[in-house]
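# Descriptive analysis of the structure
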Amino acid sequence: MALKIRLAKPQGKHAWLMLALRAGLACVAVAAVAVFVVGGYYYYKYKAIVDARLSEPLFVNTAKIYAAPREVRPGQKLSLHLISSELRSAGYTVQGAANASPMGTFSEDSNSITVRPGPHSYHAEDPATIQIRNGVVSSINDSRGQALASYELEPLLITGLSEGTNRTKRRLITYDEIPHNLVQAVLAIEDRRFFEHGGVNYGRLIEAGIHDVLTGQKQQGGSTLTMQLARGFFLTPEKRFKRKVIEIVITFQLEHRFSKQKIFELYANQINMGQRGSFAINGFGEASRAYFGKDVRQLDLAECATLAGMIQRPNYFNPYRHPDRVIERRNLVLDGMVETGAITKEQAEKAKAEPLHLSPASVDASEAPYFVDLVRDQLTQKLGERDFNREGLRIYTSLDPDLQKAATAAVDETMPQIDAIVDRRYARLRKKDKNIIPYYPQVALVALNPHTGQVLALVGGRSYGSSQLNHAVSKRPTGSIFKPFVYASAFETSVEGTTLPGQDKLFSPVTILNDEQTTYDVNGQTYTPRNYEGEYHDQVTAAYALKRSLNNATIGLAAMVGFDRVAALARDAGIKSAQGTPSVAIGSYDASPLEMAGAYTVFSNAGVHIDPWMLASVRTPTGDVITDFTPTSQQVLDPRVAFLTTYMMEAVLQGNGGDPCKVDGKNYCGTGAGIRNMGFLAPAAGKTGTSHDAWFAGFTSNLLCIVWVGNDDYTDIKIEGAEAAAPIWADFMKRAVQLPEYSDTNDFTPPPGVTIVTLDKKSNLLADDACPDDYTAAFLDGTAPTNTCDHPPDNRNIFQKMFGLGKPGN
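Definitions and cut-offs
Residues numbered from 1 in each chain as written. Predicted model: local features only at pLDDT ≥ 70, side-chain atom pairs only at ≥ 80, totals over all residues. Heavy atoms only, no water. Helix = DSSP H or I, 4+ residues; strand = E, 2+ residues; numbered from the N terminus. Contact = heavy atoms within 4.5 Å. Areas by Shrake-Rupley, 256 points an atom, 1.4 Å probe, with all protein chains shown as cover. pLDDT = per-residue confidence, 0-100. Buried < 20%, exposed > 50% of the residue type's maximum accessible area, 1.4 Å probe, protein only. Pairing = 2+ DSSP bridges. Patch = residues over 30% accessible without salt bridge, like charges linked within 9 Å, V, L, I, M, F, W, Y side chains within 5 Å. Salt bridge = Lys/Arg side-chain N within 4 Å of Asp/Glu carboxyl O. Core = buried A, V, L, I, M, F, W, Y, C linked by side-chain atoms within 4.5 Å. Polar contact = N/O pair within 3.5 Å; in protein donor to acceptor, adjacent residues only side chain to side chain. Disulfide = S-S within 2.5 Å. Lys, Arg positive; Asp, Glu negative; His and termini not counted. Axes fitted to C-alpha atoms, helices over the stretch in contact; angles between N-to-C directions. Parallel < 35°, antiparallel > 145°, perpendicular 65-115°, else oblique. Nonpolar A, V, L, I, M, F, W, Y, C, P; charged D, E, K, R; others polar. Left-handed = near helix turned anticlockwise from the far one by under 90°. Phe/Tyr/Trp six-rings, centres within 6.5 Å; stacked < 30°, edge-to-face > 60°. Lys NZ or Arg CZ within 6 Å of the ring centre and 35° of its normal.

### Considerations on the overall build of the protein chain
- For the protein chain, the count of helices and strands is 25 helices and 32 strands.
- Counting contacts in the protein chain only where the partners sit at least 6 residues apart, residues at least 24 apart contribute 65% of the total.
- Counting only carbon and sulfur atoms, one obtains 53% of the accessible surface of the protein chain, whose full area is about 37700 Å².

### A short note on the confidence of the model for the protein chain
- Averaged over the protein chain, the pLDDT score is 86; the fraction of residues at 70 or greater is 86%.
- Predicted confidence for residues 798-804 stays below pLDDT 50, and this span has four contacts to residues more than four positions away or in other chains.

### Details of the pairing of strand S30 (residues 704-710)
- Counting buried positions along S30 gives seven out of seven residues, so the element sits mostly inside the fold.
- Where burial is concerned, the two faces of S30 agree: the one with Leu704, Ile706, Trp708 and Gly710 and the one with Cys705, Val707 and Val709 are both buried.
- By the bridge criterion, seven bridges tie strand S14 (residues 442-448) to S30 in an arrangement that is antiparallel. Bridging across to S30, Val443 finds its partner in Val709.

### Focus on helix H24 (residues 726-736)
- In terms of residue burial, H24 counts as a mostly covered element, since nine of its 11 residues are buried.
- Along H24, the residues classified as buried are Ala726, Pro727, Ile728, Trp729, Ala730, Asp731, Phe732, Met733 and Ala736.
- In this structure, the buried side of H24 is in contact with helix H14 (401-430), S14, helix H22 (674-677), strand S29 (694-699), S30 and helix H23 (721-724).

### Describing a nonpolar patch on the surface
- Together, Met18, Leu21 and Leu25 give the surface a local cluster of nonpolar side chains, amounting to about 270 Å² of exposed area.
- Assignment of secondary structure puts Met18 in helix H1 (residues 12-54).

### Describing the pattern of salt bridges
- Counted under the stated rule, the structure contains 27 salt bridges.
- For Glu86, the salt bridge is made with Arg70, and the minimal N-O distance between the two is 2.7 Å. In this pair, Glu86 is assigned in helix H2 (residues 80-89) and Arg70 in the loop between strand S1 (64-66) and strand S2 (71-72), connecting sequence segments 16 residues apart. Per residue, the accessibility class of Glu86 equals that of Arg70, and both read buried.
- Asp693 is paired through a salt bridge with Arg476; the nearest N and O atoms lie 3.1 Å apart. Separated by 217 residues along the polypeptide, Asp693 in the loop between strand S28 (685-690) and S29 and Arg476 in strand S16 (residues 476-477) bring together distant segments of the chain. Both residues of the pair, Asp693 and Arg476, count as buried.
- One connected set of salt bridges, linked through shared partners, spans Arg70, Glu86, Asp402 and Glu741.

### A few points about the nonpolar core
- In this structure, Phe485, Tyr487 and Tyr600 are the most contacted members of the largest nonpolar core, which totals 90 residues.
- With seven residues, the top contributor of residues to this core is helix H13 (residues 369-383).
- Excluding anything up to four places from it in sequence, Phe485 contacts Leu569, Ala573, Ile575, Met596, Ala599, Tyr600, Val602 and Phe603.
- Tyr267, Ile281, Val296 and Ile343 belong to the second-largest nonpolar core, a separate cluster that totals 53 residues.

### Describing helix H9 (residues 301-310)
- Judged by how many residues are buried, H9 sits mostly within the fold: 10 of 10 residues are covered.
- Residues of H9 that are buried include every one of Leu301, Ala302, Glu303, Cys304, Ala305, Thr306, Leu307, Ala308, Gly309 and Met310, and no others.
- For H9, the elements touching its buried residues are helix H3 (180-190), strand S11 (272-276), helix H8 (283-292), helix H10 (323-340) and helix H11 (345-352).
- Of the residues flanking the start of H9, the one acting as N-cap is Asp300, its side-chain oxygen 3.2 Å from the backbone nitrogen of Ala302.

### As for the sheet that holds strand S5 (residues 112-117)
- If you trace the five strands from one edge of the open sheet to the other, you get S3-S4-S5-S6-S7, paired in mixed fashion. Each edge of the open sheet is held by one strand with a lone partner, namely strand S3 (93-94) and strand S7 (136-142).
- Where strand S4 (residues 104-108) lies against S5, five bridges are found, and the strand directions are antiparallel. Following the sheet pairing, Thr105 is matched in S5 by Arg116.

### A short note on the state of the cysteines
- In the structure shown here, the tally under the stated rule is one disulfide.
- Sulfur-sulfur distance for the disulfide between Cys771 and Cys789 comes to 1.8 Å. Looking along the S-S bond of the Cys771-Cys789 disulfide, the torsion reads about 115°, which is the right-handed sense. Here the residue Cys771 occupies a position in the loop between strand S31 (754-760) and strand S32 (774-780), and Cys789 occupies one in the loop between S32 and helix H25 (798-803), the gap between them amounting to 18 residues.

### A closer look at the side chain of Arg619
- Here Arg619 shows up in strand S23 (residues 615-619).
- Asp628 provides the closest opposite charge to the buried, unpaired Arg619, separated from it by 4.3 Å.
- From its side chain, Arg619 meets the backbone oxygen of Tyr122 in a polar contact 2.7 Å long.
- Not counting residues up to four positions away in its chain, the partners in contact with Arg619 are Ser121, Tyr122, Leu393, Arg394, Tyr396, Asp624, Val625, Ile626 and Asp628.

### Some points on the packing of H3 against H10
- Two elements in contact, H3 and H10, have axes whose closest approach is 8 Å; the angle formed by their N-to-C orientations is 95°. Compared by their axis directions, H3 and H10 come out roughly perpendicular. Residues Asn181, Gln184, Ala185, Ala188, Ile189 and Glu190 of H3 form the contact with H10, whose participating residues are Arg329, Leu332, Val333, Gly336, Met337 and Thr340.
- In the contact of H3 with H10, the residues fall into six nonpolar, four polar and two charged.

### Topic: the sheet that holds S28
- Taken in spatial order, the five strands of this open sheet run S15-S14-S30-S29-S28, and their pairing is antiparallel. Only two strands of the sheet have a single partner each, and these edge strands are strand S15 (455-459) and S28. On average, each strand axis in the sheet is inclined to that of its neighbour by 5°, with strand direction left out of account.
- Two strands pair when backbone bridges link them, and S29 and S30 are joined in this way by six bridges, in the antiparallel orientation. Opposite Ala694, over in S30, you have Val709 as the bridge partner.
- Sitting on the sheet, H14 touches S14, S15 and S30, and the angle it makes with S15 is about 30°.

### Overview of the packing of helix H15 (residues 483-496) against helix H21 (residues 639-652)
- Viewed as axis vectors pointing N to C, H15 and H21 meet at an angle of 135°, and their least axial separation amounts to 9 Å. Taken together, the axes of H15 and H21 are oblique relative to one another. In the crossing of H15 with H21, the sense of the turn from one axis to the other is right-handed. Residues Pro484, Tyr487, Ala488, Phe491, Glu492 and Val495 of H15 pack against Arg640, Val641, Leu644, Thr645, Met648 and Met649 of H21.
- Among the residues making up the contact of H15 with H21, the classes are represented as nine nonpolar, one polar and two charged.

### Concerning the environment of Tyr536
- As for its position among the elements, Tyr536 is in the loop between strand S19 (525-527) and strand S20 (539-541).
- The spacing of Tyr536 and Asn551 is 15 residues in sequence and 9.3 Å in space, taken between C-alpha atoms.
- Non-local contacts of Tyr536, meaning those with residues more than four positions away in its chain, are made with Asp515, Glu516, Gln517, Pro529, Arg530, Asn531 and Asn552.
- A distance of 3.3 Å separates polar atoms of two side chains, one belonging to Tyr536 and the other to Gln517.
- A polar contact is formed between the side chain of Tyr536 and the backbone nitrogen of Asn531, at a distance of 3.4 Å.

### With respect to the packing of aromatic side chains
- Scanning the entire structure with this criterion turns up 19 aromatic pairs.
- Residues Tyr66 and Tyr396 carry aromatic rings whose centres are separated by 4.9 Å and whose planes lie at 25° to one another, so their mutual orientation is stacked. Note that Tyr66 is positioned in strand S1 and Tyr396 in strand S13 (residues 394-397), a separation of 330 residues in sequence. Judged on exposure class, the residue Tyr66 and its partner Tyr396 are both buried.
- An angle of 80° between the planes, with centres 5.3 Å apart, marks the rings of Tyr600 and Phe603 as edge-to-face.
- In this structure an aromatic cluster arises from ring pairing among Tyr175, Phe194, Phe195, Phe264 and Tyr267.
- In this structure, Lys260 packs its charged tip against the face of Phe194, placed 4.5 Å from the ring centre.
- One cation-aromatic arrangement involves Arg325 over Tyr316; the distance from NZ or CZ to the ring centre is 3.9 Å.

Here it is as structure tokens:
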């Protein structure tokens, strides 16, 4: 039996409308059910994903790398503003502030500042008051009024280690640390109703959807801050409808879990802010340091607007590459802040008038990336494979930020001069081969405290962004900067009271050496070293041989001392590759610039070798000590030997007393005399080096620096150390002595048992009024000449004296 249902035909217009309404309601109901089902499916599916993601820390609390503390001493040129600024950067707060920092507090008046380290400080909680008069530190007193010789400020943060292998840098900040102007700037340009909506701005979302449909492009996201956060944490940046639905679902979950302030805090730490060098910059904390060189809490209105304006397209709005774009965008943000009532029109106009106060573009200057890479390597060696980068450890190092900036500036400003030399050489070569391409050299600079081994500055290449290969630890033939070890070995024999083979007196600066070309037998093969430019000098003094860097004279001296003995001294000084062959005397064996810096401490530090060090202390996030590191040292040379060698190296930097270098065919200027012409006039000792590479090693009473310049492919740079490395050294040292910590350079002080005398240049005897063309030399007591230039010793035999043959002194 069939059941037939007859539908009544709608009667009239009203009936048709009712039917249409019912159908529409049915569609809406079906759509609602579909949305509920699909939404519920995605909600619970992604709830598990969100739960899993939020069960772990959202950000890696990376280890923080700190510089060495600034030492303040009476007599230094410092300002209260500089000290208070550094304390703020280190996390100190003003005494009496509502939220006192556990790092420490400070208070200041017109002439003094009182520093009070807190429980999380690197230092003990010992306060001190620093008095400053007319821009100079006049006194430092402890809490009992006792005078202090010096006081160390809180170490400054250099950078955080990057997050794993993705080379991302981030400095975590809390919502309370974000300036009010930065919050308002972000809201004005990104999400004005952030504190009002529930995570989704439906009006803006619909408007963006209509725009995309009409234009056929997917450019208008309509995303709120919470939606951007959801996308950044859980999704890819692709623009698809399905992804937008998932984004909204995750947004609801985030809004349900967190307060608006917490969501903004997460957003402020997560947002991508572009690229600097080879590192990605994430979050406002890192961006503030990267672009402005300051803590996020110190940003002014214009800087807040600049960062907010970069959010949309951080690489397009890179302030170093496109400053005009960034200023235009910043001003748009400021106008938006006026529209939202966050600031007044006057405030906006004042901020618009500000230029971009950017920190140096080079990451090498501010973050010392080659240095930080070495610190990371040393942490792994010393702490093992523990994941120290996820523990938020504080890593205190040896770096001096001011000196690091000086080192980077010296390299950046001097390398173009070396490139110009390369260009001129290749221009000549192109006359024979038009297809030849110039090969520009690399560079390394290492600066130490010569008495502690503290690595104060380190540059490992021309640009870390271009190449992360650290040339400061790359081993290369040392060339002539090795030669002082030969002369030190010879002085050691004098201290022992032993004369060298073929000599009738103890070795001294006036010992005569043979500079004729000589052939040596090395394991059945002949070795015939050449002097630079094939120039030989027959008989010369030891002082002259080192001053002019004569190869054959130096190898001849090493042969008298013993090649094995020279190599043994070098190994004790840290040049581990040295072997007892003739070529050891002219630096044929490899060492890195960092190793050579350590080796030269035997000259600058009274014969004591100190291993260069970078790590001072590793501590927990609250300042508790995990481990401290102590440098190792060893007495390698007698202090007298160290000074005698140093005094001879001082002559390397000397000219000819205002006279032309060449007199009667003989060059009286040291190979490094050009450094004085470059304007570096402080007391110093040094040595040029030229092999396939160019070197300069030198030091003052309080700073030691090694510079290397060479080609990565090991081809000959074909530029002398005096032309390639010495100009960088001079530029760096000129900058260094302008800094308070390194301005008080002194003459090198002879130890007991050493005498400095004045000699006649022609006879190398004691100078008097009859011989005004003189020079000074340092001698081990009892080894200096005793005759004067106008009364030379009579070396004639008895028959010559009886018959008046020959001349006295011949």
